[in-house]
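Letter by letter, the chains look like this.
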Amino acid sequence: MHDMRFTIPRQDMNREAFASSVPDFNRKSEIMKTDTGYKCRITNIISLTEQEKLFQLRIADPQERRIFRFKPGQFLMLELPGYGDVPISISSASSNHEFIELCIRKAGHVTSALFRTEPGMHVAIRGPFGSSFPMDEMTGHHVLLVAGGLGIAPLRAPLFWINEHRDRFRDVHLLYGAKEPSQLLFSYQFEEWKTISHIRLHTIVEHSGAEWKGSTGMITELFRDITIDAKNTYAIVCGPPVMFKFVCSHLDRFGIPMNRMFVSLERRMHCGMGKCCRCMVGSTFTCIDGPVFDYWSVMNLKEAI
Amino acid sequence: MKRDCSIDIRHLTRVEGHGNIRITVSGGKLLEASWAVVETPRFFEVMVKGMSAERVPFLTSRICGICSISHALASIRALERAMLIAPPPAAETTRLLAMHGETLQSHALHLFFLAAPDFAGTSGVLPLLESQPELVRAGLRLKELGNEISTVTTGRCTHPVSLVVGGLSKAPDKIRLQQLLDMIGERKSALGTACNFFGTLDIPRFERETEFISLHNGATYPFIGGDLLSTDGVRKEENDYLPMTNEYVTEFSTSKFTRCSRESSAAGALARFNNNSGFLHPEAKKAAQKLGLRPICHNPFMCNIAQLVECVHILHDAETLIQKLLDTDLTDIRTPFAPKAGTATGAVEAPRGILYHHMETDEEGKVVKADCIIPTTQNNANIHNDLQALARQALEEGKNDREIEKLAEMLVRSYDPCISCSVH
Amino acid sequence: MKNPVYTFEKLKFASFEFTCCEGCQLQLANREASLAEFFSLLDVRTFREISSEKHDDYDVAFVEGSISRSDEIERLLAIRRQAKTLVAFGTCACFGGVNSLKNRYPVEECIAEVYDGLPVESLPVRKISDIVKVDFSIPGCPVAKKEVEWIVVNLVTGSLATLPKYPVCVECKEQLNTCLFDLGEICLGPITRAGCDAVCTTGKTPCLGCRGPADDINFPAFLELVEKRGLSRRDLKEKLGFYNAFEAYPCP
Amino acid sequence: MIYKVISKPEFRRFIDALVKANNSFGPRLADRTADGKPVYRFMPVSSVDEIDFDYTATASSAKHFFLPFSEELSRFRFHGSDWEQHSAYEADPVVLIGLRACDISALNILDDVLLNGNYPSPYYLAKRKNTFVIGLDHLPLPDCFCKSLAHHTVSTGFNLFCSDIGEKYYLSINSSKAFTYLKEFQTEDPSYEDNCLLTERRKLISDSFKTEIDVTSLPSILDIEFDSPVWEKWGSKCLNCGTCAMVCPTCYCYSLEERFDIDLKGASRNRKLYSCNLVDFAVVAGGHNFRPKNGDRLKYRYYHQHRGFAENDNQQICVGCNRCGRACLADINPKDVINDLRMEKDSCMICVSQSPGRI
Ligand SMILES: Cc1cc2nc3c(=O)[nH]c(=O)nc-3n(C[C@H](O)[C@H](O)[C@H](O)COP(=O)(O)OP(=O)(O)OC[C@H]3O[C@@H](n4cnc5c(N)ncnc54)[C@H](O)[C@@H]3O)c2cc1C
Ligand code: SF4
Ligand code: SF4
Ligand code: SF4
């Protein structure tokens, strides 16, 4: 016998109801898309090398476009429907509210599928997620940016920032290393960085042909060319784990305090929200506590490198 | 009219396994009409040696991907009889239901995927899907139902998981049994569509007097166990299967041949029907009448019709069986047993006909000797003889090469041979 | 093809069978509700079991069964020459399957026992990868159509096609089953690759390892488990040998 | 919270009414092990008679009612040259009967992780909100150690909690829904005697624990012992089968997967519960595995369970039900591993410590 008096009423969970039903609802997920992404149109795709492409995206909905804001160093989850989503650092200026640029390397199945897309198609983004470079804290100091290979991608956002607020910073060095000259990304922007942003750019490659006039060797060799005012310098290091291990220990020897060196860690990520536990390093989430960490924290993390 | 003709079909399509047809006519004279099985032997009788009884049904079910339930049950029946184990009634009912699922699935596969394209003049079911979508959909719905019955009763539709010596390892879920009942009710209409299609077909007219052998228990339409009965009047007890088969090897075929009272005999849906038509469900009897099938029918092409009639029987009988299971509490499903030395035969009616597994166990319950006689093995000689008669008749009727070739293919397919199974 | 956003090509598909029960090919005709969609992903060039069409211009070949005769080797080599992607389809193809049980006896003894010494050709059973390079394996006895669908979709869409790397226990726990070890049986679930939805253990029969070893299994720990529970070594051997899938892990 | 007592027959009537009017799950005897021990499971129930109120503990936790082993998070439909994404959070109401105190604590911990963190999960919330949780106290099994983690009692996170005080159940009513339903049945305010019986019952439960784990400063011990040989020792036993995480009431790690539909007209994003014990959990693009060895992975599970992660304010998330220990085929259980680690730690302390009291 069914007694309807004891039937539990169903509570529907549309987004509004959800927002009002979580007790201490955090502002973050109110303004951020965490489960259903912002739809974006691919407006342009620039081939940088065989392995890397720069994707320019525009959030389709004007309302959503107004909401989306990020800080240099943050990343987003880029979704290609049917294929999956991958964490990608935002490579454009945080002041650019019209377009988002992502520099992507073909690494596996989602990124390969992305390489088959064309302008006009739609992708989705969730985020932005994660910590950022402390641009305000760096104000009034020298800045040393060190990038290895694709590590230049997350550095573009702070570079844009520095350019826009150039007067707030003292000397800015960018040390950039790659395997071969052809793999130096964004070389078309080098002049702009040097002359307009007044950034001292030093490049180095591991292997080169006769036409390469610059230095060859490991990136740490570039430290010979520059003098560092260790007490007043902030450093940002991005690149493969082996690279930043070497670079950071160099910088340590120069005397840059560990908590003024910043690195960006990469792990496999499935959610970006500290739920799936895929990106754990020690007891820290790369996705919410990172990806930007100061070197002191990284030293204290288990299995970080 | 004197004519030459040479038909050489290697690896006949739309059958399970590899077989060749060869017909050679020279100067109007039939030189050769043969059916040769060229499947690679796997030696299951050797494989089971030394295997523990409880593992055997899992091995023997791999003799055939279509009738794996029959093989598992034949082994189980042989072993249970050899070691004197009586499975609980609920397990017996479930097993019979599982057989129904397999037979329905197999018949639907044969009728719609393998045979129907011949009548409709297409190369396979995929083009047929475009030209006669309603028909194919009906077939798919019946096949899906068969698979679902097998899955609910045995855990998986091919290579059953819960059929074990002593009963069942797991009882079917009552919620799913109830869903099955609804599914059967809803899919009877597909059966109607099928009957309408096959009722209008032009079944080739060809008859050759044949000895039909099947199970017979004198009470129900037979599927698991019973006496062995031939239309020539031979009747034997289940363990006494050798005089019914007299298996022998030939040089042109890796499958063996059998014979009983004549030079060859036939097993399968038509044999079951010819020996047991009185035990069919009334609805199935009605269908048989409408489709013009009467015992004893000697036209092998009518095997397709007999299969369809059996589908009608199965759908109705399955309803009864499910209701019976729903009315029991399904807790007593497995009889524990101690290994024992013994010898026995398990005979079941696989979709393609009577299937014998004969097993001998030692005190530890390990198999020391096994013999499996497969329906297609029993049909091989008959197919061979039918082919010769058919070729002769076709020549007399003045059919051309293409027509003869097609008829020959259709004849072999009508037996629904399970070739890889016959060479096991 | 059908997807409006991306463009895909149908797979130029062929299916072949060698020494086996053809149960895996039969699975291709299962899951009837999505059968039409499934076949519309394929441009079937050869598929003897269901179609009379025969063409030799396929790209993807599903090869079912193990190899036990010289003419099979010839046919297989020809398939390898044509196929861009050769998929070992089912346990027999991937590991040899139950057919390998015959290898315990000399071939002559088998023939004598079954064919009264008639000259029948038979070689010791081998898996496909013993003879040609295999690009992808879909294990299972029989294969799970759901997994096959997924892999075919991935082949068409250029997505990653991978098998689970973890063992059957994960899926068995998802089904909330009582562990067969607790019921006093040896189950190969802890060392067998998942992907079958633990269908055997859900039917309360032990996993016999038809999908082969999972990635990086801890075989010594598994042997210790059997030992510690006082279960029969003979039973373990029978199970490990059933599909020949644990060839690489000899049991002392 | 409102407290009432209810006679057992009346309680059964109440449960029966709930069960008949809702999609309900309760503990039932599922199997018996080879040595005759009962195995319980949360299974669908359609009448009160099917529920085993005297059950001990279920083999698998009730986690999957809130975090299904696999779940579709959202769908894409392709149309024109475009697509639409839909995410549905809906859940149907479910009555869950017989959760133990530690099981409910586990839900509270999942709440912390999945609702109270930075990014609350609507999927989880929908299920949590639509589940009517009825708790039931019990005497611990010999290997339960929830008392060590203070999870043998629970004060939030349920609709109704029932303590067996002999002839009656002592009800802690924690939701208006439960209160409204109970109005239709005969309940009484607890008498002095009832309160005494409850205290006795609680004391009995508390005194019945046979397994204890010293968890003081465990988080820091885990940090210090990150490179301890203890991990390799236990790791070499581990089968990597993921069973522990699957049955655990608080393990929530997952993986995401996206699939095209077979007709290619849509795609789905699915979540599947995963485990840090599984071999490829820490593999990154490029194929590098950050935790290549059994010991590394086993350690991670203990690290997560007993040290806790940021999302959970670095609190231990193990509730001490010992489901993982019971289910583990390799006989790895929290008590032994932690004691081993502690021994390691204590012996170190003995050698390095200057404190005279230590020697
Ligand atoms: C914070 C952050 C920022 C990043 N920023 C950028 C950026 O700006 N640009 C950029 O190009 N990249 C960036 N990455 C890296 C990028 O996320 C990866 O390259 C990307 O996830 C690869 O995805 P994929 O699907 O193409 O590769 P996948 O196919 O997922 O993975 C490639 C490799 O991973 C392994 N793998 C994949 N699936 C599995 C599985 N199921 N089991 C086991 N192993 C598996 C395989 O070894 C495979 O070779 C960033 C990563 C992080 C964490
Ligand atoms: S029954 Fe087998 S697969 Fe399931 S948990 Fe136990 S060992 Fe693993
Ligand atoms: S449970 Fe084991 S034997 Fe059964 S299908 Fe899965 S892998 Fe194969
Ligand atoms: S880690 Fe083990 S004891 Fe702790 S909550 Fe999970 S299953 Fe229970």
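As shown above, the structure is provided for reference.
Residues numbered from 1 in each chain as written. Chains lettered and ligands numbered in written order. Predicted model: local features only at pLDDT ≥ 70, side-chain atom pairs only at ≥ 80, totals over all residues. Heavy atoms only, no water.

A. Inspection of the site of ligand 1 at higher detail. In the vicinity of ligand 1, 28 residues are found, and the nearest of them are A:Pro87, A:Cys103, A:Arg105, A:His109 and A:Thr111. Residues near ligand 1 are shared among chains A, C and D, making this a multi-chain site. The backbone of A:Arg105 places a nitrogen or oxygen atom 2.6 Å from an oxygen atom of ligand 1. In this structure, A:Gly108 approaches ligand 1 through a main-chain N or O atom, which is 3.0 Å from an oxygen atom. In the complex, 83% of the free accessible area of ligand 1, which totals 960 Å², lies under the protein chains. For the shell around ligand 1, the secondary structure elements donating two or more residues are strand E4 (84-89), strand E5 (100-105) and helix H4 (109-115) of chain A. Looking at the shell around ligand 1 element by element, the count peaks at four residues for E4(A). When its residues are assigned to classes, the shell around ligand 1 shows 16 nonpolar, six polar and six charged. (Near = heavy atom within 4 Å. Polar contact = N/O pair within 3.5 Å; in protein donor to acceptor, adjacent residues only side chain to side chain. Areas by Shrake-Rupley, 256 points an atom, 1.4 Å probe, with all protein chains shown as cover. Helix = DSSP H or I, 4+ residues; strand = E, 2+ residues; numbered from the N terminus. Nonpolar A, V, L, I, M, F, W, Y, C, P; charged D, E, K, R; others polar.)

B. How the structure looks around the sheet that holds strand E12 (residues 266-273) of chain D. All names here are of chain D. Read from one edge to the other, the open sheet built from four strands follows the order E5-E4-E12-E11, with strand pairing classed as antiparallel. Strands at the two margins of the open sheet, each flanked by one partner only, are strand E5 (82-86) and strand E11 (254-260). When strand polarity is set aside, the average angle formed by the axes of neighbouring strands in this sheet is 20°. Here strand E4 (residues 70-79) pairs with E12 via seven bridges, running antiparallel. Looking at E12, one finds that Phe76 is bridged to Ala267. (Pairing = 2+ DSSP bridges. Axes fitted to C-alpha atoms, helices over the stretch in contact; angles between N-to-C directions.)

C. Representation of the side chain of B:Asn275 within the structure. Residue and element names in this part refer to chain B. Structurally, Asn275 is set in helix H9 (residues 269-276). Of note is the side chain of Asn275, whose polar atom sits 3.1 Å from the side chain of Ser214. In this structure, Asn275 is in contact with Phe212, Ile213, Ser214, His216, Leu229, Ser230 and Thr231, ignoring residues within four places of it in sequence. (Contact = heavy atoms within 4.5 Å.)

D. Region of the structure containing the site of ligand 4. What surrounds ligand 4 is the set D:Phe145, D:Cys248, D:Pro249, D:Arg301, D:Gln305, D:Cys318, D:Val319, D:Gly320, D:Cys321, D:Asn322, D:Arg323 and D:Cys324. Those elements that place two or more of their residues in the shell around ligand 4 are helix H9 (294-307) and helix H10 (323-327) of chain D.

E. Summary view of unusual backbone geometry. At the junction of A:Gly127 and A:Pro128, the peptide bond is cis and its omega measures out at 5° in the coordinates. Among the secondary structure elements, A:Pro128 is positioned in strand E6 (residues 122-129). Note the cis peptide between B:Pro295 and B:Ile296, where omega equals -10°. When you line up the elements, B:Ile296 lands in the loop between helix H10 (282-290) and helix H11 (303-326). Unusually for a residue other than glycine, B:Leu84 sits at a positive phi of about 55°. Within the chain, C:Ala198 stands out as a residue other than glycine whose phi angle is a positive 50°. Examined against the element boundaries, C:Ala198 turns out to sit in the loop between helix H7 (168-174) and helix H8 (199-202).

F. Structural view of the interface of chain C and chain A. Counting from both sides, the interface comprises seven residues of chain C and, opposite them, six residues of chain A. A combined buried area of about 560 Å² lies between chain C and chain A, and 54% of that area is made up of carbon and sulfur atoms. Applying the counting rule to chain C against chain A returns zero salt bridges. Counting across the interface, chain C meets chain A through three residue pairs in polar contact (both at pLDDT 80 or more). Of the residues contributing to the side of chain C that touches chain A, the split by class is four nonpolar, three polar and no charged. (Buried area = accessible area lost by both parts, 1.4 Å probe. Salt bridge = Lys/Arg side-chain N within 4 Å of Asp/Glu carboxyl O.)

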